[in-house]
Amino acid sequence: MLLSIPSSKSPCVSSANAEITDSAAGGTAESSGYRTNNGYLGVTPNKVPRATILEAAQELGKKTGLISQAYFYHASPASFASHWPDRGAYDIIAKQMHN
């Protein structure tokens, strides 16, 4: 989990399946500490959901929020609050983020 990474180090945010990382894979690495494939949100390359830093904070009883200039269901914000292996499934992502 991201919270257990020493403060002097940061997780690798490169894609697990491509030389160039998209915002879904990069955001997932930033939010959860796990690398994934391009196009995947909040899941590993094997489609296993991984908790994000927002979810970890909520488990500790903290209040959380997510602010973005992009639509909330787009890859960058969605990678912090959604778990789905298709960044283009906006209807599913929006439902997950609304709950």
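Shown above is the structure to which this text applies.
Residues numbered from 1 in each chain as written. Predicted model: local features only at pLDDT ≥ 70, side-chain atom pairs only at ≥ 80, totals over all residues. Heavy atoms only, no water.

Novice: Could you clarify how one ought to interpret the overall build of the protein chain in this entry?
Specialist: The number of helices and strands found in the protein chain is 4 helices and 0 strands. Counting helices and strands in the order they occur from the N terminus, the protein chain gives α-α-α-α. Residue burial in the protein chain is summarised as follows: out of 99 residues, 32% are buried. Considering only intrachain contacts with a sequence separation of at least 6, the fraction spanning at least 24 residues in the protein chain is 38%. For the protein chain, the accessible surface area stands at approximately 6,200 Å², while carbon and sulfur atoms represent 53% of it. (Helix = DSSP H or I, 4+ residues; strand = E, 2+ residues; numbered from the N terminus. Buried < 20%, exposed > 50% of the residue type's maximum accessible area, 1.4 Å probe, protein only. Contact = heavy atoms within 4.5 Å. Areas by Shrake-Rupley, 256 points an atom, 1.4 Å probe, with all protein chains shown as cover.)

Novice: What am I meant to see in the environment of G42 here?
Specialist: Its place among the elements puts G42 in the loop between α1 (23–32) and α2 (53–59). Assessed through its relative accessible area of 0%, G42 is described here as buried. When near neighbours in sequence (up to four residues on either side) are disregarded, G42 contacts T28, V48, P49, R50, S82 and H83.

Novice: I'm lost on the side chain of T52 in this one. Help?
Specialist: Along the chain, T52 turns up in the loop between α1 and α2. Note on T52: relative accessible area 1%, which makes it buried. Side-chain polar atoms of T52 contact the backbone oxygen of F80, separated by 2.9 Å. Each residue touching T52, except ones within four places of it in the same chain, is listed here: S31, S32, S79, F80, A81 and H83. (Polar contact = N/O pair within 3.5 Å; in protein donor to acceptor, adjacent residues only side chain to side chain.)

Novice: In this structure, what is going on with the pattern of salt bridges? I would like to understand it.
Specialist: Oppositely charged side chains can pair when the atoms bearing their charge come close. What the rule picks out here adds up to 1 salt bridge. The salt bridge involving R87 is made with D22; its shortest N-O contact spans 3.1 Å. Here D22 lies in the segment before α1 and R87 lies in the loop between α3 (75–78) and α4 (90–98), a separation of 65 residues in the sequence. (Salt bridge = Lys/Arg side-chain N within 4 Å of Asp/Glu carboxyl O.)

Novice: What's the story with the environment of D91 in this structure? I'm lost.
Specialist: Examined against the element boundaries, D91 turns out to sit in helix α4. With a relative accessible area of 52%, D91 lands in the exposed category. Taking the C-alpha atoms as reference, D91 lies 8.3 Å from Y73; in sequence the two are 18 residues apart.

Novice: Is there a simple way to think about the packing of aromatic side chains in this case?
Specialist: Each pair of aromatic rings is reported with the distance of its centres and the angle of its planes. Throughout the structure, instances matching the rule amount to 3 aromatic pairs. With 5.4 Å between their ring centres and 75° between their planes, F72 and Y73 make a pair best called edge-to-face. Accessibility expressed as a relative area gives 43% for F72, which makes it partly exposed. Given a relative accessible area of 22%, Y73 falls into the partly exposed group. (Phe/Tyr/Trp six-rings, centres within 6.5 Å; stacked < 30°, edge-to-face > 60°.)

Novice: Sorry, what's going on with unusual backbone geometry here?
Specialist: In most cases, non-glycine residues show a negative phi, while peptide bonds are predominantly trans. Within the chain, K47 stands out as a residue other than glycine whose phi angle is a positive 70°. Looking at where K47 falls in the secondary structure, it is placed in the loop between α1 and α2.

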